[in-house]
Amino acid sequence: ASFYDIDAYYTHPDSAAPDAEAEARQVGIFGRCLSAIAFRFENGAEPTQAWWRSIIASSSRQALEIGCGDGDRMQTYGPFLDHVRGVEPDQRAVSVARERGLDVYEGTAEDLPDDIKDRQYDLIVFTHVLEHTIDPVLSLKNAAEMLTDDGLMSIEVPNNASAGARHMGQAWRWLDAPRHLNFFTPESLQACAEAAGLKVKAVLYRGYVRQFTPDWIVDEAQISAAMQGRAMTQKDVNRQLRHSAKLLATTALAHPSKKYDSVRILCTRA
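Rules behind the numbers
Going along each chain's sequence as written, the residues are numbered from 1 onward. Given that this is a predicted model, residues contribute local features only at a pLDDT of at least 70 and side-chain atom pairs are listed and counted only at 80 or more, while totals for whole chains, interfaces and linings are drawn from all residues. No hydrogens and no water enter the side-chain calculation; it runs on all heavy atoms of the structure. Under this scheme, a helix contributes an axis fitted over its contacting stretch, all axes are lines through C-alpha atoms, and angles between N-to-C directions fall in the 0 to 180 degree range. For helices the rule is a DSSP run of H or I covering at least 4 residues; for strands it is a run of E covering at least 2, with both sets numbered from the N terminus onward. Convention used here: angles under 35 degrees read as roughly parallel, angles over 145 as roughly antiparallel, angles from 65 to 115 as roughly perpendicular, and any remaining angle as oblique. Left-handed is the label given to a crossing in which the near helix is rotated counterclockwise from the far helix by less than a right angle, and right-handed is the label when the rotation is clockwise. The contact rule is simple, with two residues in contact once any of their heavy atoms fall within 4.5 Å. Being paired, for any two strands, means DSSP has found at least two bridges between them. A simple rule labels every residue: compare its accessible area, found with a 1.4 Å probe on the protein chains alone, to the largest value its type can have, and call it buried under 20%, exposed over 50%, or partly exposed in between. Think of it as the arc spanned by the lines of direction from the helix axis to the C-beta atoms. Two joining distances apply to patches: 9 Å for like charges and 5 Å for nonpolar side chains (Val, Leu, Ile, Met, Phe, Trp, Tyr), and every residue must have over 30% relative accessible area and no salt bridge. The method behind every accessible area is Shrake-Rupley, applied with a 1.4 Å probe, and residues are considered shielded solely by the protein chains displayed. The salt bridge definition used is simple: a Lys or Arg side-chain nitrogen within 4 Å of an Asp or Glu carboxyl oxygen.

### Observations concerning the packing of helix 8 (residues 214–227) against helix 9 (residues 234–251)
- It is at 9 Å that the axes of helix 8 and helix 9 come closest, and there the two elements cross at 120°. Here helix 8 is positioned oblique relative to helix 9, judged by the angle of their axes. With respect to the hand of their crossing, helix 8 and helix 9 are arranged in right-handed fashion. Counting all contacts with helix 8, which are made through I217, E220, A221 and A225, the residues of helix 9 involved are D236, V237, Q240, L241 and S244.

Next comes the structure, spelled out in structure tokens:
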């Protein structure tokens, strides 16, 4: 729990928003051009409200999100279901979700609260959660036991097989140590799902253009500088801009497994 006891964590009500204008100035017109070019090659499966509507069966009634944070995603797909519940280990995020009127319980994927075990769920969601768990397979097994026979499970994690991850190494933004404890490729994610008794129905990818946005570029420059025990300078940002330009040139037409920073699988009970 202490890993999340930081004011800057994004699910906390008092987290400070990044200074978007300052970041835009740091990357300059070159950085803004990178974002614009990358946008033309973005074709990922972004979890928009329209996307959720396309995968949620009309007969679906109950949903559960494990690791729901402050409940933002629950509000995105919630309108297509009768009731949505959430489970979240971070007490501060739970408080935010409940203040929004959401039905959220404190607990972990490995030790789910008894309050949610009174029913089966037509949709179960893990979005950038499995990498936080101590035992990913147990987490998925616990969820699979509550999935209806024709229910669907959506599981998304950072894609550690992506070119961005391989090029940045320990400074990759999605490593997020010490909060991320496990690191997945598309193949290992599918293997975990199958070990938990799930059948993988689809493999999808998302997260291309955001790798070239000012906040991402500045953040990775900060991480690289911090790993050297010093504050970030404009030289670090300029170095990261050059890296980002090379990444764009080598990934714009690459296979999705190398191009996108996140991978999502859709599963049913085996």
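### Observations concerning the packing of helix 1 (residues 20–39) against helix 8
- Two numbers describe how helix 1 lies on helix 8: the axes approach to 9 Å, and their chain directions differ by 120°. The orientation of helix 1 relative to helix 8 falls into the category oblique. The two elements helix 1 and helix 8 cross, and the hand of that crossing is right-handed. Touching E23, A24, Q26, V27 and S35 of helix 1 are P214, D215, I217 and V218, all from helix 8.

### Observations concerning the sheet that holds strand 6 (residues 198–206)
- The 7 strands are arranged 3-2-1-4-5-7-6 in an open sheet whose pairing can be described as mixed. The open sheet has two edge strands, strand 3 (103–106) and strand 6, and neither has a second partner. Each strand axis lies, on average, 20° off the axis of its neighbour in the sheet, ignoring direction.
- Strand contacts of helix 4 (residues 91–99): strand 2 (83–88) and strand 3, with the helix running at about 165° to strand 3, the strand carrying the most contacts.
- Each of strand 5 (147–158), strand 6 and strand 7 (262–269) is contacted by helix 7 (residues 186–195), which is oriented at about 155° to strand 6, the strand it contacts most.

### Some words on helix 4
- If you check which residues of helix 4 are buried, you get A93, V94, V96 and A97. Buried positions in helix 4, seen along its axis, are confined to an arc of 160° and lie on one side of it. Exposed residues pointing more than 90 degrees away from the buried face of helix 4 are listed as Q91 and E99.
- Directly beyond the C-terminal end of helix 4, a positive phi value near 85° is found at G101.

### As for a nonpolar patch on the surface
- Taken together, the side chains of F3, I134 and L181 present a nonpolar region at the surface, about 310 Å² in accessible area.
- By the element assignment, I134 lies in the loop between strand 4 (121–127) and helix 5 (136–144).

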